[in-house]
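Coordinate analysis (summary)
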Amino acid sequence: MAVFNFFKLSMLLTLLSDVKLGSWTQKEAVAVGGFPPQCSRIECPTYDVVYSGDGYEIRLYNSSMWATTSPIDDISFVDGTRTGFLQLFNYIQGQNSYKQQIEMTAPVLTEIAPSDGPFCESSFLVSFYVPKKNQADPPPANGITIQKWVHTYVAVRQFDGFVTDSMVGVEAAALSSSLSGTIWGDAIKKSHAGEITTQYTVAQYNSPFEFDNRVNEIWFKFSM
């Protein structure tokens, strides 16, 4: 229990922090396909690796439940994620219809619907993986939607360091480039055909006190 409470507090601190860490770099890069080490300490959703490519891997996530905020409009990924996480933190601390505390899990997801221009607001959905023991009956709450994922394909690119606003678009573009000309890239285009700009997700796994071997991921969800 102490480990879970420590992670809750440390994740809150990292999302509330005003420290600018964009210039900080990590000594070792994260290998693509490396299993996030945080998942050896707290619960994460389960998946199978379908394919490993150059700079990416394709995962098939098992059916699961997620608690998701309402859309948050903001010009900043960092600020939008902070706003959403505070709502989810209150939810798992017992501000739900069951007054039930829920253990922290990883990753925290931020789904991004990018804006049409550099000075326009994007839309963010921040999500928390519901632990297995709560999946049969996740507590409802105002402003929180419980989403059921069926088996879901995800193209994944891992990257290290502390996530900044300038970083997410660059990493998403790199994943898109790696997938270009593959069957996976074609499936992603088909799945996102109705979107003005392709939506993608940022997954964050670590507490702020972990300066080495930080793991973040860019996700493109798609259907086959």
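Above this text you will find the structure in question.
Right, let's walk through the structure included here. On a predicted model such as this, the values are computed, not experimentally measured, just so you know.

**Examining the overall build of the protein**
A count of helical and extended segments in the protein gives four helices and ten strands. Going from N to C terminus, the protein has its helices and strands arranged as α-β-β-β-β-α-β-β-β-β-α-α-β-β. The 224 residues of the protein split such that 49% are buried. Within the protein, residue pairs in contact and separated by at least 24 positions form 77% of the contacts whose partners lie at least 6 positions apart. When the accessible surface of the protein is split by element, carbon and sulfur atoms take 53% of a total near 11000 Å².

**Observations concerning the environment of Val168**
For Val168, the location among the structural elements is in helix H3 (residues 165-179). The class for Val168 is buried, based on a relative accessible area of 5%. Separated by 90 residues in sequence, Val168 and Val78 have C-alpha atoms that sit 10.0 Å apart. Excluding anything up to four places from it in sequence, Val168 contacts Phe77, Val163, Tyr200, Val202 and Ile218.

**Considerations on the nonpolar core**
With 37 residues, the main nonpolar core has Leu179, Tyr200, Val202, Ile218 and Phe220 as its most contacted residues. The element that contributes the greatest number of residues to this core is helix H2 (residues 77-92), accounting for six residues. In this view, Tyr200 contacts Thr110, Glu111, Ile112, Pro114, Val168, Gly169, Ala172, Ile218, Trp219 and Phe220; residues no more than four positions away in its chain are not counted. Among the nonpolar cores identified, the runner-up in size contains 16 residues, and Ala106, Val154, Val156 and Val215 belong to it.

**Examining H2**
Counted at 1.5 Å a residue, the expected span for H2 with its 16 residues is 22 Å, and the 22 Å between its end C-alpha atoms agrees. Looking at H2, one finds that the buried residues are Phe77, Gly80, Thr81, Arg82, Gly84, Phe85, Leu88, Phe89, Tyr91 and Ile92. Capping of H2 at its N-terminal end is provided by Ser76; its side-chain oxygen lies 3.3 Å from the backbone amide nitrogen of Val78. Trailing H2 by a residue or two, Gly94 shows a phi angle of about 115°, which is positive.

What counts and what doesn't
- Residues numbered from 1 in each chain as written.
- Predicted model: local features only at pLDDT ≥ 70, side-chain atom pairs only at ≥ 80, totals over all residues.
- Heavy atoms only, no water.
- Helix = DSSP H or I, 4+ residues; strand = E, 2+ residues; numbered from the N terminus.
- Buried < 20%, exposed > 50% of the residue type's maximum accessible area, 1.4 Å probe, protein only.
- Contact = heavy atoms within 4.5 Å.
- Areas by Shrake-Rupley, 256 points an atom, 1.4 Å probe, with all protein chains shown as cover.
- Core = buried A, V, L, I, M, F, W, Y, C linked by side-chain atoms within 4.5 Å.
- Expected span 1.5 Å × (residues − 1).
- Polar contact = N/O pair within 3.5 Å; in protein donor to acceptor, adjacent residues only side chain to side chain.

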